[in-house]
Amino acid sequence: MKYPANVNAYCPACKKHTKHKVKLYAKGSARTMAWGQLKHARKLVGYKGKVAGEKKVMKQGKRQKIIIECSVCKKKQERVIGTRTRKKLEITVG
Ligand SMILES: [Zn+2]
């Protein structure tokens, strides 16, 4: 899946369409010592029934996310593009 490196999009801060730079969205890793993560790890220990957060059926593909940055005010927005796809997103030059 290909996407242009620059798009003309609406900026809520500028309240008009401006030129935006496109970047790939990269999810950060979860904090392993966070209270919720520890609680979830405790639940997974030993014999158990159904536990929230464990996937039985994996969906094929992901909905690709991008970050667009306004060239005027430098504010960033998240965007989901297209439908579920197994192909990786590529940002084309230009
Ligand atoms: Zn802006």
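Presented here is a report on the structure given in the accompanying data block. What you see is a predicted model; the values in this text were computed from it and never measured.

Cut-offs used in this document
- Throughout this description, residue numbers start from 1 for each chain and increase along the sequence as written.
- Local features in this predicted model are restricted to residues whose pLDDT is 70 or higher, and side-chain atom pairs enter the listing and the counts only when it is 80 or higher, whereas totals over whole chains, interfaces and linings include all residues.
- As a convention, hydrogens and water are excluded, and side-chain values are obtained from all of the structure's heavy atoms.
- Strands are treated as partners if at least two bridges between them are detected by DSSP.
- A helix here means a DSSP run of H or I that spans at least four residues, while a strand means a run of E at least two residues long, and both kinds are numbered starting from the N terminus.
- For helices, the fitted line uses only the C-alpha atoms of the stretch in contact; every axis is such a line through C-alpha atoms, and the angle between N-to-C directions lies from 0 to 180 degrees.
- Each metal site is built from N, O and S donor atoms within 2.8 Å (3.2 Å for Na, K and Ca), and since water is not included, such sites may look incomplete.
- Buriedness for pockets is judged along seven lines, at least five of which must meet protein on both sides within 12 Å for an open set on the 1 Å grid over protein atoms alone, while cavities are sets there where a 1.4 Å probe fits but cannot get out, and lining residues have an atom within 4 Å of a point.
- Grid points are joined across faces, edges and corners, and a volume is the space filled by probe spheres set on the points.
- All residues other than Ala, Val, Leu, Ile, Met, Phe, Trp, Tyr, Cys, Pro, Asp, Glu, Lys and Arg, Gly among them, are scored as polar; the first ten of these are nonpolar and the last four charged.

Okay, the sheet that holds strand 4 (residues 62-70) next. Reading across the sheet, the 4 strands line up as 2-3-4-5 and stay open at both edges, with antiparallel pairing between neighbours. Each edge of the open sheet is held by one strand with a lone partner, namely strand 2 (6-11) and strand 5 (76-85). The average undirected angle you get between the axes of adjacent strands in this sheet is 45 degrees.

The next thing to look at is the coordination of the zinc ion. Geometry sets the ideal angles at a metal, namely 109.5 degrees for four tetrahedral donors and 90 or 180 degrees for six octahedral donors. Around the zinc ion, the protein contributes the donor atoms Cys11 (SG), Cys14 (SG), Cys70 (SG) and Cys73 (SG), at 2.2 to 2.4 Å from the metal centre. Written as a sequence motif, the donor arrangement for the zinc ion is C-x2-C-x55-C-x2-C. Here Cys11 is found in strand 2, whereas its partner Cys73 is found in the loop between strand 4 and strand 5, with 62 residues between them in sequence.

Before going further, it helps to spend a moment on the layout of surface pockets. For the largest pocket, the calculated volume is near 490 Å³. Sorting elements by how many residues they give to the lining of the largest pocket places strand 4 first, with 4 residues. Here the residues of the lining of the largest pocket sort into 4 nonpolar, 3 polar and 7 charged. Of the volumes computed, that of the second largest pocket is approximately 170 Å³. Around the second largest pocket, the lining residues are Lys55, Met58, Lys59, Gly61, Lys62 and Arg84. When grouped by side-chain class, the residues that make up the lining of the second largest pocket number 1 nonpolar, 1 polar and 4 charged.

Once that is clear, we can look at the pairing of strand 3 (residues 16-24). As defined by bridge partners, strand 2 adjoins strand 3 across 6 bridges and the pair is classed as antiparallel. Bridge assignment links Asn6 to a residue of strand 3, and that residue is Lys21. A loop of 4 residues connects strand 2 with strand 3, the two strands running antiparallel in sequence, and Lys15 in this loop sits at a positive phi of about 60 degrees. Strand direction decides the pairing type here: strand 3 and strand 4, joined by 5 bridges, are antiparallel. Pairing of His20 across the sheet is with Cys70, part of strand 4.

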